[in-house]
Amino acid sequence: MTALSPAVPHRAGVLLPALAHLLLTIDFTIVYVALPDIAQALGFTRQSLQWVVHGYTVAFGGFLLVGGRLADRLGHRSVLAGAVLMFALASLLGGVAQHAVVLVLARALQGFAAALMFPSTLGLVHQSFDGAARARALAVWSLAGPTGLTLGSLLGGVLVSGFGWPAVFLVNVPLGVALAAALVWAFPKAEPSPAARLDVRSATAGTACAALVLATLVQGPETGWSDPRVLACAAGATLAGGTLWWCEARAPQRLIPRAVWRAWNLRQAMALTALLMATFMTFSFLQTLLFKDVLRFDAMRTGLAFALPCASQAVGAQWGGRIASRSGFRVAVVAGFAIAALGALTLAYAVGLDAGYAALAPGLFVTYFGQGIAFAPVWQAATSDVPPSEHGVASALASTTFQLGGALGMALLLAAVGERGDGLTGTPMSTLAAVRWGFASGAGALLLASVVGLRLRASPPPPPAA
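Quick caveat, the model's predicted, so the values are computed rather than measured.

Student: I'd love a proper account of the nonpolar core, names of residues and values included.
Tutor: Ranked by internal contacts, the top residues of the largest apolar core, which has 98 residues, are Met 117, Leu 183, Leu 266 and Phe 337. Examining the composition of this core, we find that 14 residues originate from one element, helix 14 (residues 264–294), more than from any other. Among all residues touching Leu 183, those that are not within four sequence positions of it are Leu 16, Arg 77, Leu 80, Ala 81, Val 84 and Leu 124. By size, the runner-up hydrophobic cluster in this structure holds 23 residues, among which are Val 31, Leu 35, Leu 159 and Phe 169.

Here is the structure:
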């Protein structure tokens, strides 16, 4: 690999951002196995327990734009190292929590720290590499996403069984401290950029809008869309969105600069990240239903059943990096999503009461292989026609639609299945019908993503001056 910054060891430039990405993605799922023990120990109700998960998700999605702007203003290394330390401290708070409110606050603080981390992990890759080397480094970075989500569930089970629920938080503390020290050692400190100032009013409105939209989407399927809390979140999101538009029209330093909004590839990539996460989240949910409720796998076998999708996505990510290096990110995106759509259709056809895991394996491999191919090139496209000084906010925009896409995909799936009957809570036959319908619908979404990929500009014009 040919690094742009000779001061950064090339292995550190590849591995450290990927490890930071891995750390924050693991915490999306590591608490799932611990939830029953957490509820018993801290007295959570069934309704309040969901916020151990949603507190992280909502804070993460809400503060991404702020994280991207701060990274552009203060430098990716400084923001990432500080955010990793904050993540470790929040994890320590969660591990020693003796009250439900304290644990939810710790999870929200973890999500806030993760929102500062994510744009900087991408920013460091873009800062350290260029051309084909950047495509290969992004392929390694992209492995952390699916690997972290899968590893989180497996690691959570091991830690809870061996050490109790606090271990799923405390394990982050030494890892975070070591990673922050390694980042400070490996990457040079960047000078603050006075051009990338943070408008407080726009940042507040943007954070509130994204967080309230996510809160609406995660709460609606569980309590009903007519629930007063859901309606209040939706109304608040609308008000915050209008306030953001008003502030941006008058701010001397916009939260999202006009040059970023004009970036054609970024706009396409935002749609692609939404479709990517929508299908990834819904497929993971459908597989859990299929393995546990239809195939009757226990917890251990269900976890192991996810090993094949994780491995195939890792293989796909390596292929995606090679394709993007040789033929451009546009070819990799279009091909990856088309392959994934074919795999999802294969899964929809293969699922059945008499179908064992072997019958599902080809569809699972092809689906996640295709998603792996597309994953890194989508993020490469997101910053391909954006000025380097705005890479942080561009990555944050694509990350925000990534989170919104996952929440929206799950909300649409649950609403659609609810309209079709008791598919998620009824007999294995009704669950099977819901799973088959979900995979077929996901194939349509992936095919749409492949079409959107055709709209990417393969050779974007040089970025305009900041």
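From this point, the discussion proceeds with the structure in view.
Student: Please give an account of the side chain of Thr 121 that cites residues and values.
Tutor: Mapped onto the elements of the fold, Thr 121 is located in helix 7 (residues 100–128). A distance of 2.6 Å separates a polar atom in the side chain of Thr 121 from the backbone oxygen of Phe 118. Excluding anything up to four places from it in sequence, Thr 121 contacts Pro 17, Ala 20, His 21, Leu 80 and Trp 141.

Student: Account for helix 2 (residues 35–42), with residues named and values stated.
Tutor: Taken together, the buried positions of helix 2 are Leu 35, Ile 38, Ala 39 and Leu 42. The arc that holds the buried residues of helix 2, viewed along the axis, is 100°, so those residues lie on one side. Residues of helix 2 that are exposed and point more than 90 degrees away from the buried face comprise Pro 36 and Gln 40. Once helix 2 finishes, Gly 43 follows within two positions and takes phi at roughly 75°, a positive value.

Student: Just give me the short version of a nonpolar patch on the surface, but keep the residues and values in it.
Tutor: Together, Leu 89, Leu 92, Leu 93, Val 96, Leu 109 and Leu 170 line one region of the surface with nonpolar side chains, adding up to about 480 Å² of accessible area. The greatest single-element share of the nonpolar patch, amounting to four residues, is contributed by helix 6 (residues 76–96). Residue placement: Leu 109 occurs in helix 7. For Leu 109, a relative accessible area of 32% puts it in the partly exposed group.

What counts, and at which threshold
- Residues numbered from 1 in each chain as written.
- Predicted model: local features only at pLDDT ≥ 70, side-chain atom pairs only at ≥ 80, totals over all residues.
- Heavy atoms only, no water.
- Core = buried A, V, L, I, M, F, W, Y, C linked by side-chain atoms within 4.5 Å.
- Buried < 20%, exposed > 50% of the residue type's maximum accessible area, 1.4 Å probe, protein only.
- Helix = DSSP H or I, 4+ residues; strand = E, 2+ residues; numbered from the N terminus.
- Contact = heavy atoms within 4.5 Å.
- Polar contact = N/O pair within 3.5 Å; in protein donor to acceptor, adjacent residues only side chain to side chain.
- Arc of directions from axis to C-beta.
- Patch = residues over 30% accessible without salt bridge, like charges linked within 9 Å, V, L, I, M, F, W, Y side chains within 5 Å.
- Areas by Shrake-Rupley, 256 points an atom, 1.4 Å probe, with all protein chains shown as cover.
- Salt bridge = Lys/Arg side-chain N within 4 Å of Asp/Glu carboxyl O.

None of the figures reported here should be taken as evidence of function without further support.
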